[in-house]
Amino acid sequence: MSKSKMSNWGLGLAAAAVALTLNGNAFAFDTSADKSAPKVSGVGMNITDAAIKPWNISYFYDGTNLPDGKGTVTAGEKIYNAQCAMCHGDFGEGAHGYPKMVGDPVDQFEASAKAGVDAVSNRGLNNNWGNAPTLMDMIHRAMPFYAPGTLTTDEAYSVTCYVMNLASIPGVGDDFVCDKTSLPKIVMPGAKLYVTNSGPDTDNTRCMKDCYKGTEFVVEKAASIGDVSVGKVQKKDTQ
Amino acid sequence: MSENMINPVPEGANKAGVASSDRRKFLRKSVALAAGGAAIAATSAANAGDGLKTWTTPLKNEPTRHMLGRGVVSVPYGLPSKYESGVVRRNVGWLTADTIASISFTPWQDLHGIITPNGLHFERYHAGAVDVDPAEHRLVVHGMVKQPMIFTVEDLKRMPSHTAIHFLECPANGAMEWRGVQMDSLQFTHGMMSCSEWTGVKLTTLMEMVGVDPKSTWFYGEGADGSALQRSIPMEGAHDQHGKPIPALYTSHYRDAMVCYAMNGEALRPENGYPIRLFVPGFEANVSTKYLRRLMFVDKPLVTYQETKHYIEVLPNGMIRQFDLVNEANSVITSPCPDFKMNGKGTYEIRGIAWSGYGKVKHVDVSIDGGKNWTEAKLVEPVLNKCLTKFTLPFEWDGSENLIMSRTTDETGYVQPTLKQLREVRGFNSIYHKNSIQVWKIEKTGEVKNVQIENV
C-alpha cells in the first residue's frame, strides 16, 4: 500500500516536472509557499528517496507506508510481558502512572463523558484511539519507553496485535495476524467518536460596566490538596 | 491620577494625617536642595509620605562599600544574583509518572517583561532532553516535493534568516484548574508558557527550495529524540481524515513557521530542541517539534498517537475533538499574584501578560470586583503578532477584599471567556486549551489566593 501511494506521488511530481519543461522556466513551479520566499542557491544537498527510507518511518491512519512484515498475538504476549507490562500492567491496566491499554468499554466511556465523570483513567485503546495503523506507528517509533525504537518490525507488529487483543478490539482474536493489509481493516471502537475542531466555541462579550448586576458570586478557593506552593515557592512580601 | 486608575483614593484622603514635624523638616530640606523642582518634589513627597513611619537611625555603609568585587570573566557565562536563587523552573511531582515524559513551569511571578530568560523557558519532554551533535545533525525535507533535500545546521544558518518574538505555550497550561481550583501559585496555573525572540529559516523558504507540490495540504515534522515526535500541520485546502475541510482559521499559521536555531539571540538550549526545532507561532507547542530531523509534505494528516490519544478533548457530548490547534486569547495578572503577599495599603501597579494565537492583543480589561466593572489597561509596547503583551494599570489598595482579573480581546474580536462559559462547552474534565479568565482574591490580610467564580 505504502509503495503504491508513494509512486502515485511520484507520478504527480513527474507530471508537474513535464509542465515545467514546457514552460521552460524552472522557477515557475507553482508551490503553495509564500510568493515572497527568497530564492536560495548553492545551499544543502539533494537526496534520493532510497537514502531517506531509513528515516521515512511514519505510518498514516489509513495504513499508508506500513512496512512489510507481520506479528501475532502469541509472539506479542511474550514481548509485552518482558518489556511492557512493568509500566502498562499485566492485563493492560496501567502501572506507576503510565497509560492503560484497556479502558472502559466505549459505550461506558461515552456515557461517562456525558455524565461529566470522564477521566484520563477511563481511557484506553478500546475507547480513545482512532486507527490501528497509528498504534503500530507509536509502538514501533517510541516504545518501549526506556529504549525507544528498538523493536524490530515483526516485534512491533506483534506487540500491536497483543495489546489490541488485550483491549478486546473487535476482530483481533487470539489467532489474528497483524500486517500492513490487516491493520487498516480494523475498526477501533472509539473511531466513531472523533470530530475535528470547527473553530472558536465561546462567545464572551466585552462588557465594561454593571456586568453582573445584583449577582452574588459563588467563589471557590484553592484547595490545600495539590497546593504545591507550600514549602516550595517562598511566600515573600512584595518589595 | 490616571483616568485609567481603578479604586482611586477617595476625595480628601490626601489631606489626612497632615504635616508632622518630620515632614516639615523634609520639606525644608527639599526646598534647600533643589529650588527649581521644589514645588513638584515637595508636593509629591507631602502626598507620598503621609502616614508613613520615619527612619531615624543614621545610615551605615553596606558591606560591599569597602571591598573589591569579582573580576571580569570570573563567571564566564553570567548567572543571576545568588539572592535570586528562588527564581527557577519547578515541576509538580504527582502530575506525571516520571520527569522524562513531563513538564516544568516558568516562574512568571518573578519575571517583569515579555521575554522569558532561556534558563527559565518551560520544558516539555516526551522522552527527555538529549544532546544532539550539531555537526552530525541533518534535516531532510521530502514527500510531495519536486526535489527532496538534506541540510546541515550550518546550511540553515547560511540561508536568509527570519527573526520574530512569539509566545510558545503548551495547550495543557492551566490544565490542573479544569475540575476546580487547585494550584495556589501563578507558576503552576500559567507557567507552561514562555516567550522568546526566535531566529531561523522560514518554512516557506525551505518549501520554495524543494518545490512543494501545490496538492500538498499537510506537512509534519519529526524529532531526532526517543519520542521521534510527529504532528500533522494543515495548510490551505487541508481536509481531515473524514474528508471534512479544516477551517481556514487553522490553515495559514504555517506561513509564520520557521526552523529555529536560536532563541533570544543565542543557540537553542538542549531543553528547547538544540540544535534545531520547528516552531509554528500561535499553535499549541506540541506541534513545534524539537530536535527536528525531518519535514514531510503530504496530502492528509497522520493522525498520530499525539493526535488520537493525547492532545484531544473529550467533550460533554461524549465526542473526542481533534486538531484544536490554536492557543486562543488568554491573559493573567502577574502582580499581585498568589506567590506574594500585599505589603500594606497604598499604591500598587496591576501588571500582567496577554496573548493570542490568532494575532495581536487588541484590549486588556481589568476588574477588581469579580467582573462587574472593568477598566481598560495600558498595553506596553511592543504589541506584536502571536506574542506576549505586557499590560499595566495603577491600583490603590485600600485593604479591602478584591477579586482581581484580566480579560483579553484579540484583533479578531475574540474575547477571552469566563471559566463558566468554557465549562459549558468543554465540561469539567478537559485538559487542554483552558484560556479562561483567571481570578485572584486579595484577602484583607494581604494574602492573595487563586479562586474560581463558579456562577458567571
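Procedures and definitions
Residues numbered from 1 in each chain as written. Chains lettered and ligands numbered in written order. Predicted model: local features only at pLDDT ≥ 70, side-chain atom pairs only at ≥ 80, totals over all residues. Heavy atoms only, no water. Pairing = 2+ DSSP bridges. Helix = DSSP H or I, 4+ residues; strand = E, 2+ residues; numbered from the N terminus. Axes fitted to C-alpha atoms, helices over the stretch in contact; angles between N-to-C directions. Parallel < 35°, antiparallel > 145°, perpendicular 65-115°, else oblique. Left-handed = near helix turned anticlockwise from the far one by under 90°. Contact = heavy atoms within 4.5 Å. Nonpolar A, V, L, I, M, F, W, Y, C, P; charged D, E, K, R; others polar. Core = buried A, V, L, I, M, F, W, Y, C linked by side-chain atoms within 4.5 Å. Buried < 20%, exposed > 50% of the residue type's maximum accessible area, 1.4 Å probe, protein only. Buried area = accessible area lost by both parts, 1.4 Å probe. Salt bridge = Lys/Arg side-chain N within 4 Å of Asp/Glu carboxyl O. Polar contact = N/O pair within 3.5 Å; in protein donor to acceptor, adjacent residues only side chain to side chain. Arc of directions from axis to C-beta.

Help me understand the sheet that holds strand S19 (residues 389-397) of chain B in this model?
The strands making up a sheet associate through backbone hydrogen bonding, with each pair oriented either parallel or antiparallel. Residue and element names in this part refer to chain B. Read across the sheet, 4 strands follow the order S13-S15-S19-S18 without closing on themselves; strand pairing throughout is antiparallel. In the strand order of this sheet, the two ends are held by strand S13 (330-335) and strand S18 (378-380), each with one partner. The average angle at which neighbouring strand axes cross in this sheet is 30°, direction not considered. Where strand S15 (residues 346-355) and S19 come together, 9 bridges link them in antiparallel fashion. Bridged to Gly346 within S19 is Trp397.

Is there a simple way to explain the packing of helix H6 (residues 132-142) of chain A against helix H7 (residues 153-166) of chain A in this structure?
Working note: a packed helix pair is described by the angle between its axes plus the distance between those axes. All names here are of chain A. The contact between H6 and H7 brings their axes to 9 Å, and the two run at 125°. One element, H6, and the other, H7, form an angle in the oblique class. The hand of the H6/H7 crossing is right-handed. Between H6 and H7, the residues in contact are Ala132, Leu135, Met136, Ile139 and His140 and Thr153, Ala156, Tyr157, Val159, Thr160, Val163 and Met164, respectively. Grouping the constituent residues of the contact of H6 with H7 by class yields 9 nonpolar, 3 polar and no charged.

I tried to follow the pairing of strand S2 (residues 149-152) of chain B on my own but got confused; where do I start?
Sheet topology note: the strand S1 (residues 45-46) of chain A/S2 of chain B ladder contains 2 bridges and is antiparallel. By the bridge assignment, Met45 of chain A is partnered in S2 of chain B with Ile150 of chain B. Where strand S1 (residues 138-143) of chain B lies against S2 of chain B, 4 bridges are found, and the strand directions are antiparallel. Pairing of Val140 of chain B across the sheet is with Ile150 of chain B, part of S2 of chain B.

I'm lost on the nonpolar core in this one. Help?
Leu139, Leu156, Leu206, Phe219, Leu295 and Phe297 of chain B are the most contacted members of the largest nonpolar core, which has 45 residues in total. Elements with a minimum of two residues in this core: S1, S2, helix H3 (153-158), helix H5 (203-210), strand S5 (218-223), strand S7 (258-263) and strand S10 (292-298) of chain B. Contact partners of Phe297 of chain B, with chain neighbours within four places excluded, come to Val141, His142, Gly143, Met144, Val145, Leu203, Met207, Val212, Ser216, Trp218, Phe219 and Met235 of chain B. Residues Leu66, Leu151, Ala156 and Met188 of chain A belong to the second largest nonpolar core, which totals 35 residues.

Explain the interface of chain B and chain A here, please?
Where interface size is given, it is often the accessible area lost as the parts come together that is meant. On the chain A side, the residues contacting the 130 residues of chain B number 100 residues. Counting each side, the surface lost to burial between chain B and chain A is near 10,100 Å², with a carbon and sulfur contribution of 56%. Where chain B touches chain A, the interface holds 8 salt bridges. Here Lys300 of chain B ties to Asp62 of chain A by a salt bridge, and the two come within 2.7 Å at their closest N and O atoms. Taken together, the connections running from chain B to chain A amount to 48 residue pairs in polar contact (both at pLDDT 80 or more). Examined bridge by bridge, strand S4 (residues 194-196) of chain A and strand S12 (residues 320-322) of chain B share 3 bridges and lie parallel to one another. Of the residues in S12 of chain B, the one forming a bridge with Val195 of chain A is Arg321 of chain B.

Just checking my understanding: could you explain the environment of Gly94 of chain A for this structure?
All names here are of chain A. Mapping Gly94 onto the fold places it in the loop between helix H4 (85-88) and helix H5 (106-114). By relative accessible area, Gly94 is classed as buried at 16%. Residues Gly94 and Gly124, spaced 30 residues apart in sequence, show a C-alpha to C-alpha distance of 9.5 Å. Beyond its immediate chain neighbours, meaning those up to four positions away, Gly94 contacts Cys87, His88, Gly89, Pro99 and Lys100.

What is the right way to read helix H7 (residues 419-426) of chain B from this model?
Residue pairs three or four apart in sequence face the same way in an α-helix, which turns once every 3.6 residues. Residues and elements named next belong to chain B. Within H7 the residues assigned to the buried category are Leu419, Leu422, Arg423 and Arg426. Taken down its axis, H7 places every buried residue within 95° of arc, on the same side. Check the buried side of H7 and you find it contacts strand S11 (313-314), S12 and strand S22 (448-453). Directly after H7, the chain includes Gly427, whose backbone phi takes a positive value near 80°.

Please clarify how helix H3 (residues 73-83) of chain A should be interpreted in this entry.
Residues and elements named next belong to chain A. Inspection of H3 places Val73, Gly76, Ile79 and Tyr80 among the buried residues, and these make up the whole buried set. When H3 is viewed along its axis, its buried side chains cluster within an angular range of 120° and face the same direction. Away from its buried face by more than 90 degrees, H3 exposes Lys78 and Ala82. At its buried positions, H3 is contacted by strand S2 (71-72), H4 and H7.

What should I look at first to understand the pattern of salt bridges in this one?
On inspection of all chains with the given rule, the structure shows 30 salt bridges over all chains. Glu222 of chain B is paired through a salt bridge with Arg141 of chain A; the nearest N and O atoms lie 2.7 Å apart. Remark: Arg141 of chain A occurs in helix H6 and Glu222 of chain B occurs in strand S5; the pair is interchain, linking two chains. The exposure classification of Glu222 of chain B matches that of Arg141 of chain A, with both residues buried. The shortest N-O distance in the salt bridge between Glu349 of chain B and Arg351 of chain B comes to 2.7 Å. The class of Glu349 of chain B is partly exposed, set by a relative accessible area of 31%. Residue classification places Arg351 of chain B among the partly exposed positions, given a relative accessible area of 31%. One connected set of salt bridges, linked through shared partners, spans Asp137 and Arg141 of chain A together with Glu222, Arg293 and Arg294 of chain B.

Before we go on, may I ask you to explain the side chain of Asn65 of chain A in this structure?
Residue and element names in this part refer to chain A. Among the secondary structure elements, Asn65 is positioned in the loop between helix H2 (49-52) and S2. Under the relative-accessibility criterion, Asn65 is labelled buried at 13%. A polar contact is formed between the side chain of Asn65 and the backbone oxygen of Ser58, at a distance of 3.0 Å.

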